[in-house]
Amino acid sequence: MNVQNSLQTFEETYQKTYSDIVKYVICNCSNLEDVKDIVQEVYLSFYKRIDAKKDIDNVESFLIGIAKNKVKDYYHFRYKEKLLSLFSKKDEFELIEQIPANVNIPEIIIHQEQMDFVWKYLKSKKITVARIFYLYYQMDYPLKKIADELNMTESNVKNVLYRTLKELNRLIQKESEGNES
Amino acid sequence: MNPKELFQKTFDKYLNKEEIYQEIQKKIEKKEKRKGKLIYLIPATCVILLTIGLFISAKPLHGSFLFEENQQEDSIIINSLDQSMISLRDYDIKCVEITDESHEQLKQKYSFLSRLAIPSGISLTPHPSENRGCAVYTKEPGTNDYSKLYQYEYYYKNADYSKSIVLAFSKLGKPFRDYYFMEDATQLSTINGNSVLLYGSDSFYIAQFTYQGTFFDIDAKGINEQEFLKLIDSILQ
């Protein structure tokens, strides 16, 4: 396969698999900052393989395999990190009590378009928050599917979304009040 | 703007598909240019290396390849490791953290734990309450109890996790690894009279060997070859 053919195969595969690879990396890395680097490393390894004319039976599985290895390489532990509970058991119980029954998450409106602020905020939180937000808003996963994917309960996922959005809304309002004064 | 639009725009901006693709393409182009230059450099380099090799081979080498004080002849061959040829495995295991108490007991039982040549800056617990390692249990056949102790693993790392060593050992058999690499041909090294299988690429090294009835599997990231070999040597005393 010459360089042009390799690049063409590479581009086609990249377009087709990008979303799944980013999702995998976000759900398995420890830091939102690392996602871009790890994704690049995955596809560079893939390019190296096709450029060396080595056959690949199942491209999607192969890419996920590389992604798994690259994530491990970054953090270098053999077994999956324990997904730490975001809140203590006491907090979890209190949150379930406090959320009003009629709260609908999409109705918490954020008026400001502050992507930089949102990204910095997400990076400052535990990686589980970024995972939940990515799966909920970017991948349109329902709460149950997110809970299964991240080995959490559905109520935990909803708690994280609700609590984080509330805090983000408060911070954005605080910042815009600060800008106005 | 509702949250969905805001977060979608944020993720699209900071994990931009096209931007990442452009970055990858730049790296591929750089690699292709370097490949072109190598085609001219390799023959010249080969001639130089051949000349040096002929000169050195005229004088017999004595003593260890690694350390002057070691009287045995060591022979080091680091098999290359193509990290893209990885096969993944999932084992049904349970990990139980090694506590302070169990760590002290293990040091009594496995004397090498007290003499390991760990590179400076790396330790078992660079941060308070860090997990130093775990005892790995498998199920007893025919049961659902993870009661069969199979291996121990120790995790050494530096403060920012850029360097790490995983030391796995077992009396029962080769330690589990959750990824395996396929290589066409491998050659054994000899360190202090012991056969050791060594792999390495890009500051990532793996060693597998048996010593005094214990099976070892060690992998290290971010340390250099000399540091890695010194670590292996410290076990094989």
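Once that is clear, we can look at the nonpolar core. Within the largest apolar cluster, 63 residues are counted, with the highest numbers of intra-cluster contacts made by Phe10, Val35, Val39, Tyr43 and Phe133 of chain A together with Phe7 and Leu15 of chain B. Once residues lying within four places of it in the same chain are set aside, the contact partners of Val39 of chain A are Tyr18, Ile21, Val22 and Val25 of chain A together with Ile20 of chain B. Listed in part, the 33 residues of the second largest apolar core include Leu116, Tyr154, Ile191 and Ile232 of chain B.

Before going further, it helps to spend a moment on helix 5 (residues 115-124) of chain A. Residues and elements named next belong to chain A. Looking only at helix 5, the buried set comprises Met115, Val118, Trp119, Tyr121 and Leu122. Buried residues of helix 5, seen end-on, are gathered within an arc of 160 degrees and therefore sit on one face of the element. Turned more than 90 degrees from where helix 5 packs its buried face, Lys120 and Ser124 sit exposed.

This brings us to unusual backbone geometry. A positive phi is found at Asp140 of chain A, a non-glycine position, where the angle reads about 60 degrees. Topologically, Asp140 of chain A is positioned in the loop between helix 6 (127-138) and helix 7 (143-150). Phi angles above zero are rare outside glycine, and Asn192 of chain B is one such case at about 50 degrees. Along the chain, Asn192 of chain B turns up in the loop between strand 8 (188-191) and strand 9 (194-201). Here Asn192 of chain B falls in the buried class, since its relative accessible area comes to 13%.

The next subject is the packing of helix 6 of chain A against helix 1 (residues 3-14) of chain B. Remark: helix 6 of chain A packs on helix 1 of chain B, axes separated minimally by 9 Å, with the N-to-C direction vectors making an angle of 110 degrees. Relative to helix 1 of chain B, helix 6 of chain A is oriented roughly perpendicular. Judged by the sense of rotation from one axis to the other, the crossing of helix 6 of chain A with helix 1 of chain B is left-handed. Contacts between helix 6 of chain A and helix 1 of chain B involve Ala130, Phe133, Tyr134, Tyr137 and Gln138 of chain A from the first element and Pro3, Lys4, Phe7, Gln8, Phe11 and Asp12 of chain B from the second. Of the residues that constitute the contact of helix 6 of chain A with helix 1 of chain B, the class distribution is seven nonpolar, two polar and two charged.

How each quantity is defined
Counting restarts for each chain, with residues numbered from 1 along the sequence as it is written. Note on labels: chains are lettered from A, ligands numbered from 1, in written order. Residue-level local features of this predicted model are given only where pLDDT is at least 70; pairs of side-chain atoms are given and counted only at 80 or more, and the full residue set underlies all totals for whole chains, interfaces and linings. Excluded from the side-chain calculations are hydrogens and water; all other atoms, namely the structure's heavy atoms, are used. To qualify as a nonpolar core, a set must consist of buried Ala, Val, Leu, Ile, Met, Phe, Trp, Tyr and Cys residues joined through side-chain atoms within 4.5 Å. Working definition: with a 1.4 Å probe on protein chains only, accessible area under 20% of the residue-type maximum means buried, over 50% means exposed, and in between means partly exposed. By the convention used here, residues are in contact when the closest approach between their heavy atoms is within 4.5 Å. Strands are runs of DSSP state E lasting at least 2 residues, helices are runs of H or I lasting at least 4, and numbering of each runs from the N terminus. Note that the arc is defined by the directions from the helix axis to the C-beta atoms. To define axes, lines are fitted to C-alpha atoms, for helices over the stretch in contact only, and angles between the resulting N-to-C directions are given on a 0 to 180 degree scale. In this scheme, roughly parallel covers angles under 35 degrees and roughly antiparallel covers those over 145, while 65 to 115 is roughly perpendicular and the rest are oblique. The crossing is said to be left-handed when, going from far helix to near helix, the turn is anticlockwise and less than a right angle, and right-handed when the turn is clockwise. In the scheme used here, Gly and all other residues not listed as nonpolar or charged are polar, with Ala, Val, Leu, Ile, Met, Phe, Trp, Tyr, Cys and Pro taken as nonpolar and Asp, Glu, Lys and Arg as charged.

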